[in-house]
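As a plain string of letters, each chain reads:
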Amino acid sequence: MMKKVLSVLVAGVMALSIVACGATNDASANTGADANNNTTADGSLTGTLKLGMIGPLTGGAALYGNAVDHGVQIAVEEINALGTGFQIDYQAEDDEHDAEKSVNAYNQLKDWGAQVIAGTVTTTPCIAVSAEAYSDRMFMLTPSASSTDVTANKDNMFQLCFSDPNQGSASAKYIAENNLATDVAIIYNNSDAYSSGIYQTFVDAAAEVGLNIVSTTTFTDDTQNDFSVQLADIQQSGAELVFLPIYYQAASLIFQQADQIGLDVKWFGVDGMDGILSLEGFDTSLAEGVMLLTPFAADATDDLTVNFVTKFEEKFGETPIQFAADGYDCPYAIYRALEYYAANNGGLDVTDMSNEELCEILISVFTDPGFSCDGVTGLAMSWNAAGEVNKAPKAVVIENGVYVGL
Amino acid sequence: MKKLSKDTLMSFVNYGIVILFYIVFQILASTGNLSSTMKGQLIPIVSYVIMALSLNLVVGISGELSLGHAGFMSVGAFTGAVVSTALTDGIPNTVVRLLISIVIAAVMAGIAGILIGIPVLRLRGDYLAIVTLAFGEIIKNVLNCLYVGVDRRGIHFSMNSTGALDLQEGGKVVINGPMGASIMKISSFTCGIVLLLLVLFVIQNLIKSRHGRAIMAIRDNRIAAEACGLNVTKYKLIAFVISAAMAGAAGCLYALNFATVAPKKFDFNTSILVLVFVVLGGIGNMTGSIIAAALLTVLPELLRQFQDYRMLIYAIVLVLVMIATNNEKIRGLIKSIGKKNKQESSGKEAA
């Protein structure tokens, strides 16, 4: 018996030592490559970038996480197929829309060797992760976490989507400037950071531009099935337009129930409203005349959008929502930024570069006024030092079941 | 030397497990063998272990099913966030600030425990479980509309919006309704372990005390205990409030480990998660709670390679553990192993 145990132990130790030797050999090979300095002579971008994505791939917010994940996948495939010697190694981790799980996912990606993070998709987890990334000096570009808390005091954190204040105040200004209405009602989700963030900035901007807010009603994630109280309040208040800074699932129910009680008002949404036309079981005629501010419309006819939408439909069998478009633009923004740096600094080889080095490089490029890139969510996107994106919001109206630019 | 009783031995085993856990991870961290994933999970693990222990005091020792324990955790979490932010300038030392935050968080959660305990503990059985669940949800929804800001004049509260806080220049919004609290990370693993040892010390000595015996007597036979002249509500309240205060301390430790914490986190699911730790570890079994909470917190991260099927496998593991721990044969096997060891050691002693 003793002999058997001993032999197994010895075998185990030997196996381990072999593995250990292999590991040390690898490490020395790597340091050799590092010594070559990270520049290539001709100003080209080469090497393999390890790009991590964090988002809710399961759970209640999985729709957004999966959309971003799919968008990123398409962009990564496209970039890898360009044949420029630059490749992206991509990995997505699930956070279930939870701050704790999101930090775990981030640490997992760090152990994997991620050099840059595209994420996280939702706001609250993003705030938690960006604090970690800030202390680790890891560059982060979030496709869709729109709160200003995400970028506040963190120079490594950039947004690809509009920030909440931009959306709220842009909506208020758009309504006032185009004389859509003066008496406005609002229904928002006060248990959701995205919705209440936009609500607060909308109210501030509404006061400035002279909009009258005649009815403000709320709901929470637990009560988003019945809107009769809110709609009755709007009916009584005599509002001409209802502002809905909410996601489209709740909005679809609002439209249905408003139709039942015969409420005749204009509806105005933000980017969370995007996706309502592809919602299963929803009668799109109810959304007729709904206006929304969105950076992306799936039926736009420019080359970039057409290419993206066809590929997306081919691969995943559904029309991409705005989150997918945001996700698609993220790897491109990072790729273009690295390319920009390589062109101006005599080339760049990203293989095995530390996340600190890449972070400094990407911050310098993103804040460089000369840098801008095109994407499906906006042309000539550029970023300010606060990490907010600068691109024009598109206002669209739903006519005959499709988006039409306003 | 007087021979230690089995209970005393078990309580030393519990301290031993915690200290061993600490030493192992400190060594791993100092030699650089600790992965980021594990390192990031240390403080959540400690928080969940404290949560499980404190809930076990209510469920296992006091014998009442509480389904709203996350509510007390959130009271502690948000109190901790406000206190630590308010003291940022006053007390630059993070350890002192963390300790003060934890103490105040525990006190506030304890007060919440008294307020909720007085009406709730007059109920029995299923009714009590459902009302604790309701109170947990009430706490979550109140925090969802709570806005707190800190400026030079002090702390400001509002139930409407951040604008109503009327902050001076340089003021900071600490709790922003559903968006949660923004916090500076000051929690440390060492402080967490010290807190955990303290919690263990309080619970284990409470069980052995006169009060503890009274609490357990009420659990075992309420009518008999009442007939002996024990004040049922008082003893139940003692267990409930101590448990709430510990959950508050755990919540504070947890919140100050993240840059943000939202009220949504402390919903029904978190209460049930902690209850799962307690049930799987064995109701009334503190060692079991420690091990179950630690393992089940790490498990979902270890299952990441299964991607989308992760939570499915997690559920299967839970079911299997449940079956395994309740299987007569397996139990008998574990017992026989324990007996064998004892025989061997006693044999050695004799020799």
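What you see is a predicted model, and the numbers here were worked out from it, not measured in a lab.

Undergrad: How should the overall build of chain B be read in this particular structure?
TA: For chain B, the helix and strand inventory stands at 13 helices and five strands. Radius of gyration (C-alpha) of chain B: 22 Å, near the 20 Å computed for a compact globule of 351 residues. Expressed as a percentage of its 351 residues, the buried residues of chain B come to 50%. Restricting to contacts in chain B with at least 6 residues of sequence separation, those with at least 24 account for 72%. Surface accessibility of chain B: about 16,900 Å² in total, with carbon and sulfur atoms responsible for 66%. Here chain B holds 30 positive side-chain charges and 16 negative ones, and the gap between their average locations is 8 Å.

Undergrad: Is there a simple way to explain the overall build of chain A in this structure?
TA: Within chain A, the secondary structure is distributed over eleven helices and 16 strands. Taking all 406 residues of chain A together, 54% fall into the buried category. In chain A, once contacts between residues fewer than 6 apart in sequence are set aside, the share between residues at least 24 apart is 70%. Surface summary for chain A: the accessible area is close to 16,000 Å², and the carbon and sulfur share equals 52%.

Undergrad: What exactly am I supposed to notice about the sheet that holds strand 12 (residues 373-375) of chain A here?
TA: As a general point, the strands of a sheet are linked pairwise by backbone hydrogen bonds and lie either parallel or antiparallel. Residues and elements named next belong to chain A. Pairing in this open sheet of three strands is antiparallel, and the strands run 12-13-14 from one edge to the other. Taken across any chain shown, the strands that pair with only one partner, and hence form the sheet edges, are strand 12 and strand 14 (389-390). Of the pairings in the sheet, the one linking strand 12 to strand 13 (residues 378-383) comprises two bridges and is antiparallel in character. Considered in strand 13, the bridge of G375 is made with G378.

Undergrad: Help me out: how do you make sense of the sheet that holds strand 10 (residues 291-294) of chain A in this one?
TA: Residue and element names in this part refer to chain A. The sheet built from seven strands is open, its strands ordered 7-6-8-9-10-15-16 with mixed pairing. Strands with a single pairing partner mark the edges of an open sheet, and in this sheet they are strand 7 (212-219) and strand 16 (402-405). Taken pair by pair, the neighbouring strands of this sheet meet at an average axis angle of 25°, ignoring direction. Pairing between strand 10 and strand 15 (residues 394-399): four bridges, direction antiparallel. Each residue of the ladder has a partner; that of T294, found in strand 15, is K394.

Undergrad: I tried to follow the interface of chain B and chain A on my own but got confused; where do I start?
TA: In many reports, interface size means the accessible area that the parts give up when they come together. Counting residues at the interface gives 30 residues for chain B, matched by 32 residues for chain A. Summing the contributions of chain B and of chain A, the shared interface buries around 2,600 Å²; its carbon and sulfur component is 45%. For chain B, the biggest contributors to the area lost against chain A are M179, K264 and R304 of chain B; these three give 23% of the whole. At the junction of chain B with chain A, the criterion picks out six salt bridges.

Undergrad: Even after reading the chapter, I still don't get the side chain of N190 of chain A, so can you show me in this structure?
TA: With respect to the helices, strands and loops of the structure, N190 of chain A is situated in the loop between strand 6 (183-189) and helix 6 (193-209). Its relative accessible area of 18% is what places N190 of chain A among the buried residues. Filtering out sequence-adjacent residues up to four positions away, N190 of chain A remains in contact with T218, F219 and T220 of chain A together with N144 and P178 of chain B.

Undergrad: When you look at a nonpolar patch on the surface in this model, what are you seeing that I'm missing?
TA: Residues F306, Y309, L312, I316, V319, L320 and I323 of chain B make up a contiguous nonpolar surface patch of roughly 720 Å² in combined accessible area. As for its placement among the helices and strands, L320 of chain B is situated in helix 12 (residues 310-326).

Undergrad: How do you make sense of the domain arrangement of chain A when you look at a structure like this?
TA: Residue and element names in this part refer to chain A. Domains assigned within chain A are domain 1 (45-162 + 303-391) and domain 2 (165-294). One C-alpha centre belongs to domain 1, the other to domain 2; they are set 30 Å apart. Taken residue by residue, the interface counts ten residues in domain 1 and 14 residues in domain 2. Summed over the three residues of domain 1 that lose the most area to domain 2, namely Y64, F162 and Q322, the buried surface amounts to 45% of that side. The tally of links from domain 1 across to domain 2 stands at zero salt bridges. The tally of links from domain 1 across to domain 2 stands at two residue pairs in polar contact (both at pLDDT 80 or more).

Undergrad: Could you clarify how one ought to interpret the nonpolar core in this entry?
TA: General note: in soluble globular proteins, nonpolar side chains tend to be found buried as a group. Formed by 118 residues in total, the largest nonpolar core has its most connected members in I117 of chain A together with V49, L53, F78, I175, I203 and F266 of chain B. Counting residues in each nonpolar core, the second largest holds 82 residues, with L45, L141, L180 and Y335 of chain A among its members.

Undergrad: Explain the confidence of the model for chain B here, please?
TA: Low-pLDDT portions of the prediction should not be read for the details of their coordinates. The predicted model of chain B averages 89 in pLDDT, with 95% of residues at 70 or higher. Prediction confidence for the complex, expressed as pTM and ipTM, is 0.84 and 0.87 respectively.

Undergrad: Quick question: what am I supposed to make of the pairing of strand 10 of chain A here?
TA: Residues and elements named next belong to chain A. The two faces of strand 10 match: M291 and L293 on one face and L292 and T294 on the other face are all buried. Sheet topology places strand 9 (residues 266-269) next to strand 10; two bridges connect them, and they run parallel. Paired with G269 across the two strands is L292, which belongs to strand 10.

Undergrad: Explain the side chain of D267 of chain B here, please?
TA: Residues and elements named next belong to chain B. Looking at the element boundaries, D267 is found in the loop between strand 5 (260-261) and helix 10 (268-281). Buried charged residue D267 carries no salt bridge. Nearest counter-charge: K140, at 5.1 Å. With sequence-adjacent residues up to four places away left out, D267 is seen in contact with A70, E137 and K140.

Undergrad: So what exactly am I meant to see when it comes to the pattern of salt bridges here?
TA: Oppositely charged side chains are able to pair whenever their charged atoms sit close together. This structure, assessed with the given rule, holds 18 salt bridges over all chains. Among the salt bridges present, the one from D136 of chain A reaches K110 of chain A, with a minimum N-O distance of 2.9 Å. Here D136 of chain A, found in helix 4 (residues 123-136), pairs with K110 of chain A, found in helix 3 (residues 99-112); they are 26 residues apart in sequence, far enough to count as distant. Among the ionic contacts, a cluster of salt bridges with common partners joins D94, E96 and K101 of chain A together with R310 of chain B.

Undergrad: Where do I start with the confidence of the model for chain A in this structure?
TA: Residue and element names in this part refer to chain A. For chain A, per-residue confidence averages 84 on the pLDDT scale, and 90% of positions sit at 70 or higher. Considering each helix and strand of chain A separately, the mean pLDDT is smallest for helix 1 (residues 2-34), with a value of 43, and largest for strand 4 (residues 139-142), with 95. Throughout residues 9-37 the model reports pLDDT below 50, and contacts reaching past four residues in sequence, or to other chains, amount to two contacts.

Undergrad: Hey, could you run me through the packing of aromatic side chains in this one?
TA: The relative placement of two aromatic rings is captured by the distance of their centres and the angle of their planes. Residue and element names in this part refer to chain A. Summed over the entire model, instances satisfying the criterion amount to 33 aromatic pairs over all chains. For the ring pair Y64 and F323, a centre distance of 4.6 Å and an interplane angle of 35° mean the geometry is tilted. Note that Y64 is positioned in helix 2 (residues 62-80) and F323 in helix 10 (residues 322-344), a separation of 259 residues in sequence. A relative accessible area of 7% places Y64 in the buried class.

Undergrad: I keep staring at unusual backbone geometry and nothing clicks. Help me out?
TA: Peptide bonds are, in most cases, trans, and in most cases residues other than glycine have a negative phi. Residues and elements named next belong to chain A. Here G119 and T120 are connected by a cis peptide whose omega angle stands at -5°. A positive phi angle, near 60°, is found at D352, a position not held by glycine. Mapping D352 onto the fold places it in the loop between strand 11 (348-349) and helix 11 (355-366). Accessibility expressed as a relative area gives 43% for D352, which makes it partly exposed.

Undergrad: What is the right way to look at the state of the cysteines in this model?
TA: Two cysteines whose sulfur atoms are joined by a covalent bond form what is called a disulfide. Residues and elements named next belong to chain B. All told, the structure shown has zero disulfides over all chains when counted by the stated rule. There is no disulfide at C252, and the cysteine sulfur nearest it, in C191, is 11 Å away. A residue is classified by how much of its surface remains accessible, and C252, at 0% relative accessible area, is buried.

Basis of the calculations
Residues numbered from 1 in each chain as written. Chains lettered and ligands numbered in written order. Predicted model: local features only at pLDDT ≥ 70, side-chain atom pairs only at ≥ 80, totals over all residues. Heavy atoms only, no water. Helix = DSSP H or I, 4+ residues; strand = E, 2+ residues; numbered from the N terminus. Rg over C-alpha atoms; globule rule 2.2 N^0.38 Å. Buried < 20%, exposed > 50% of the residue type's maximum accessible area, 1.4 Å probe, protein only. Contact = heavy atoms within 4.5 Å. Areas by Shrake-Rupley, 256 points an atom, 1.4 Å probe, with all protein chains shown as cover. Lys, Arg positive; Asp, Glu negative; His and termini not counted. Charge placed at Lys NZ, Arg CZ, Asp CG, Glu CD. Pairing = 2+ DSSP bridges. Axes fitted to C-alpha atoms, helices over the stretch in contact; angles between N-to-C directions. Buried area = accessible area lost by both parts, 1.4 Å probe. Salt bridge = Lys/Arg side-chain N within 4 Å of Asp/Glu carboxyl O. Patch = residues over 30% accessible without salt bridge, like charges linked within 9 Å, V, L, I, M, F, W, Y side chains within 5 Å. Domains from an automatic or database assignment. Polar contact = N/O pair within 3.5 Å; in protein donor to acceptor, adjacent residues only side chain to side chain. Core = buried A, V, L, I, M, F, W, Y, C linked by side-chain atoms within 4.5 Å. pLDDT = per-residue confidence, 0-100. Phe/Tyr/Trp six-rings, centres within 6.5 Å; stacked < 30°, edge-to-face > 60°. Disulfide = S-S within 2.5 Å.

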